[in-house]
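# Summary of structural features
Each chain, written out:
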Amino acid sequence: MPEVDLLLEAARPLPEPRQITPGLTTGDRVFRFLAAAAAAGVLVILGLVALFLVLEAQPALKVAGFKFFTTFEWNPDGTPAHFGIAALIYGTAMIAVIALVVALPIAIGSALFVNEYAPARLGRPLVALLDLLAAVPSLIYGMWGLYYLQPHLQGTSRWLTDHVGFIPFFHTSRPVFGSSMFIAGIVVGLMVLPIVASVTREVLSQAPRGVCEAALALGSSRWGMIRSVILPFGRSGIVGAAMLGLGRALGETIAIALILAFNFKITTQILAPGGGSVAGLIANNFGEAGDAQRHALVAAGLALFVITLIVNTLARIIVNRTSKGKMED
Amino acid sequence: MTDIPAADVRIETAVLPDEPSPFTSGGGTMRAEGLTAWFGKHCIVAGVDMDMPAGSVTSIIGPSGCGKSTFIRTLNRMHELVPTAAMAGQVLLDGVDIYAPGSRPALMRLRIGMVFQKPNPFPTMSIGENVISGLKLAGIPCRDKAEMTERCLTRAGLWSEVKDRLGAPAGALSGGQQQRLCIARSLAVSPRVLLMDEPCSALDPSSTMRIEETIRDIRHQVTIVIVTHNMQQAARVSDYTAFFLADKGDPGRIVEFGPTGELFNAPNDPRTEDYIHGRFG
Amino acid sequence: MAATLPAAALPQPRKLRRSFREAVERPLLTATAVGVAMALIFAVTPLSGLPGWALCTYVGFVVADAFDCYRTDGPVVAKDRIATILVSTAGVCTVVPLILIVAYVVSKGLHGVTKAFFTETLEKVGPNDPATVGGGKHAIIGTIEQVGLAALLATPLGLMTAVHLTQSRGRLAQVTRVLVDAMSGIPSIVAGLFIYTMWVVRFHEGFSGLAAAMALSVLMLPTVARTAEEVIKLVPNGLRESSLALGAPEWKTTLRIILPAARSGLVTATVLGVSRIAGETAPLLMTAFGSDSVNTNPWHGAQSALPLFAFQRVRNAIPSQIARGWAGALVLIMLVLALFTLARAVAARGRKGP
């Protein structure tokens, strides 16, 4: 009887899914292998980078131990060898901070300008020109900073010391202005400006348009809308963009090597000659390096590598979290 | 015609009343004359003449693509925010053209509010902050924020549900609640007219019912113009109805306009009759 | 109450936005007034200097214009006005550095870029020879060889990595994606150090153009891989499916259908990568090391390159050497900007085409 058959049917368990073989040809297998090998190759290269840096840095680190991070001198060839990157960590950080202070406001302003204020005909070439700024080699920035900016900023440096010198940062003990972290910071700031601006532009353009319209429909001015909707929305994205810029600033080598006169004391006097960054140190001392010096320089490079890796990874996590999390509006 | 304070008529001045006084002026009169709107070279609506009397609810119905949304966005100068937009004709609020040269759109939008199809409370603000956000954005001082918040949320039919959690983020509310919050937010700046662009189409039936109740409650204090897809809704809430239609390739035009009862039961135009009886849509 | 208009001509649109001239007239007047006032103040007080005057005029203009707005339209509009001015300034400011830099490099290097620059080397040049003697031919050859080798190494590797990333969902792909991102943040000097310690020292190969190319390819690889991955993902899935439905094996589909469809994007990725590494100096310091004479053999022996050439000349104390350095810098920046613009042009054309 058909009804009973139907019930039996319903009670019977579902069949097991079949195993389907993909049926790849040999050509497919070879190709897949090659692609996987390429990807693995990337891992291998990164691993090699870490491996060789550690191997080469080891002799120096064995000699210096933990004092590598706390010593303020650089004399790996001396007896006893006495060297450490403490001053350089400070210098690197200082330059990066000045760079961000220069770049961040201009980047946010230009992102808002392109997204909200400028007509499309003006915005597109502006974006193209900003990206062109990113293409300029670091060497050119350094040369421009050294020969053009430095003389022009003498007056400004002097004015800052004279008028704002009571703040320890702007004080200088001798009236010499040049080869300073201030100038290096401004040049590096210009270098990271394109990347911070373009990421900020991306982030701010994803603010939900419906909420922006609601603000305008309530009678808000354009700035009111930006301040109450777009900026709060993009807050963490801007932080991520700043960190990306920071990561780039930390690795900046040549411009700093050209501009700064290296010394190894920590000084808060950003307008005075001196300071140094890890990368710049390596570039400057590399040429005549003997064995011990070389090991020490590699150790410094390893430290730089680790720091930059951490900052960049954090930055990407923050930026990704902003753009994905706020997709639902 | 209700007594309109002289300060409210001159739209272009910066002089706003000290304390917002909602619900006492009885709504403003709106009138469109020869309204035509373009996006670039494409004309969306043409030659619309329409009266929206004070204190009434006017609904705009028509098939999709006939320019209803574009038309309503010309009523509070949101249309021109799109770069290629252009318009012709006049829109008069209490007899004054809102597009007069020298008038400030932002100021005028305090008088003509808007509720959108997709509820859009400010996500970074709490419920209470959302309600008075319009006042803050416009720089209008408010002496008693708590009382204003309660009044607006009550008018929007949301007070009893949120009175214990005004500090909670606005995103935590359901869709219907968010839309009522948006209505409360719009009411806080004391508009004379409230435009609603398909406010219930993203909501479930019970939220829709609550919002229709709200419309009935506030109609005498605020003139309402509502675009709706739903003919039964138009029949339920509105005093006047306008039927828009766009023949293929042509801009949308107003086909018929009249008291709701007459339009639905005894339409003059055969096209209106066809639409109402569902012969096209 | 039917209201049907005859199909007459549509009315003319109304003018709603202020024209550019109207918007600019009054602020321009304010700015001129403030500028003149500041000039007078500067003449009378000890304040001096063009930049100082410019700054004071700018600040004065912002204050005056905002106050003007405040008087006519109220505080909200005044704040909006200040914001508009500041944001527009920032927008314009981003263009100024580029113009300054390019103009300066051109002004310093132009007279050094002679025919001699492209045909002579520094081999027989002494410290007293003027800048017109000698040139950078060896540097140009070096750059071409190193960048070319680096592209040859990085492009296939990067493309195949991108193919793997788009086609596999396994652990290897996930890990690789994260590491490619990490790799793009390697400071260029660290890449140079890596090749130096591994190749130059440990393998005892010494300085060479190949070492430089390897360091540069480490820098180029992440750019190529990531851009290529994004471009391949943009190829519509329907293309792949129709090829498979025709019976083509997977690898032929990828090679013959998908990659060609993404061709312009892939070219952009490669050219962008090349333009980035062409200007790199730091890694070259310890791999190619630099030289004064032509070395056409990239496998062996120190080689010069344009960035290296410019860097080493500019640090010299002799003015003629510095002048040569600027000439090298000018050639370099023109090369890099040309490559970059080419990459963008190819990308734009790819977006418009089928």
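Within every chain, residues take consecutive numbers counted from 1 along the sequence as written. Following the order in which they are written, the chains are lettered starting with A and the ligands numbered starting with 1. Only residues with pLDDT of at least 70 are given local features in this predicted model, and only at 80 or more are side-chain atom pairs given and counted; all residues enter the totals for whole chains, interfaces and linings. Side-chain figures throughout are based on the complete set of non-hydrogen atoms in the structure, without hydrogens or water.

This paragraph deals with the confidence of the model for chain C. Of the residues in chain C, 96% reach a pLDDT of 70 or more, and the chain-wide mean stands at 84. The complex model carries a pTM of 0.81, and its ipTM stands at 0.82. In predicted models, pLDDT denotes the confidence assigned by the predictor to each residue on a 0 to 100 scale.

It is worth spelling out unusual backbone geometry at this point. All names here are of chain B. Phi is positive for Asp94, which is not a glycine, with a value near 50°. In this fold, Asp94 is placed in the loop between strand S4 (85–93) and strand S5 (96–97). The backbone phi angle of Ser190 is positive, close to 55°, even though this residue is not glycine. Looking at the secondary structure, you find Ser190 in the loop between helix H8 (175–188) and strand S7 (193–197). Strands are runs of DSSP state E lasting at least 2 residues, helices are runs of H or I lasting at least 4, and numbering of each runs from the N terminus.

Our focus in this paragraph is the sheet that holds strand S3 (residues 57–61) of chain B. Residues and elements named next belong to chain B. Here 6 strands make up an open sheet; going across it, the order is S6-S7-S8-S3-S9-S10 and the pairing mixed. In this open sheet, the two strands that pair with only one neighbour each are strand S6 (112–115) and strand S10 (253–259). Strand-to-strand twist of the sheet, defined as the mean angle between neighbouring strand axes without regard to direction, takes the value 15°. Should DSSP find at least two bridges between two strands, the strands are taken to pair. Pairing geometry for S3 and strand S9 (residues 240–245), over 4 bridges, is parallel. The residue bridging Ile60 from the neighbouring strand is Ala242, located in S9. By definition, residues are in contact when any of their heavy atoms lie within 4.5 Å. Lines fitted to C-alpha atoms define the axes, with helix axes restricted to the stretch in contact, and inter-axis angles between N-to-C directions lie between 0 and 180 degrees. Helix H9 (residues 205–218) rests against S3, S7 and strand S8 (223–227) of the sheet, and its axis sits at about 150° to S8.

Residue and element names in this part refer to chain C. An ideal rise of 1.5 Å per residue puts 36 Å on 25 residues; helix H9 (residues 209–233) measures up with 35 Å between its terminal C-alpha atoms. Two axes enter the bend calculation: one fitted to the seven residues ending at the residue in question, the other to the seven starting there, and the bend is the angle between them. The sharpest bend along H9 measures roughly 35° and falls at Met220, with the proline Pro222 sitting one to four residues further on. For every residue, the accessible area obtained with a 1.4 Å probe (protein chains only) is divided by the maximum for its type, and the residue is called buried under 20%, exposed over 50%, and partly exposed between those limits. In terms of burial, H9 is largely enclosed, as 21 of its 25 residues are buried. The span expected for a helix works out to 1.5 Å for each residue beyond the first.

Our focus in this paragraph is the domain arrangement of chain C. Annotation comment: domain bounds sourced from an automatic or database domain assignment. Per the domain assignment, the segments of chain C are domain 1 (22–94) and domain 2 (115–352). For domain 1 of chain C and domain 2 of chain C, the distance between their C-alpha centroids amounts to 46 Å.

Attention now goes to the pairing of strand S1 (residues 30–39) of chain B. Looking down a regular strand, the side chains alternate between one sheet face and the other. All names here are of chain B. Two strands pair when backbone bridges link them, and S1 and strand S2 (residues 42–52) are joined in this way by 7 bridges, in the antiparallel orientation. Bridge pairing links Met30 to Met52 in S2. Joining the antiparallel neighbours S1 and S2 is a turn of 2 residues, in which Gly40 adopts a positive phi near 65°. Pairing of S1 with S4, which is carried by 8 bridges, proceeds in the antiparallel orientation. Counted as the bridge partner of Ala37 is Met87 from S4.

Tracing the backbone shows Thr223(C) in helix H9. Discounting chain neighbours no more than four positions away, the residues touching Thr223(C) are Gly273(C) and Arg276(C).

Turning our eyes to something else, we now look at the interface of chain C and chain B. Between chain C and chain B, the residue contacts involve 16 residues of the former and 32 residues of the latter. As a working definition, buried area equals the accessible area (1.4 Å probe) given up by two parts on being put together, with both sides summed. Summed over both partners, the interface of chain C with chain B buries about 1,800 Å², with 55% contributed by carbon and sulfur atoms. Salt bridge, as applied in this entry: a Lys or Arg side-chain nitrogen positioned within 4 Å of an Asp or Glu carboxyl oxygen. For the pair chain C and chain B, the interface holds 2 salt bridges. The salt bridge partner of Arg14(C) is Asp97(B), with a shortest N-O separation of 2.9 Å. Distance and chemistry together define a polar contact, namely a pair of N or O atoms within 3.5 Å, with one atom able to donate a hydrogen and the other to accept it when in protein, and with adjacent residues in sequence counting only for side-chain atoms on both sides. Counting across the interface, chain C meets chain B through 5 residue pairs in polar contact (both at pLDDT 80 or more).

What follows covers the interface of chain C and chain A. You'll often see interface size given as the accessible area lost when the parts meet. Facing 75 residues of chain C, the contacting portion of chain A comprises 68 residues. Of the roughly 6,700 Å² buried between chain C and chain A on both sides combined, carbon and sulfur atoms contribute 80%. Taken together, the connections running from chain C to chain A amount to 2 salt bridges. Residues Asp131(A) and Arg344(C) are paired through a salt bridge, measuring 3.0 Å at the closest nitrogen-oxygen approach. Where chain C packs against chain A, one counts 7 residue pairs in polar contact (both at pLDDT 80 or more). In terms of residue count, helix H15 (residues 319–352) of chain C provides more of the side of chain C that touches chain A than any other element does, 11 residues in total. Only Asp, Glu, Lys and Arg are considered charged in this grouping, and only Ala, Val, Leu, Ile, Met, Phe, Trp, Tyr, Cys and Pro are considered nonpolar; every other residue, Gly among them, is considered polar. Here the side of chain C that touches chain A is composed, by residue class, of 51 nonpolar, 16 polar and 8 charged.

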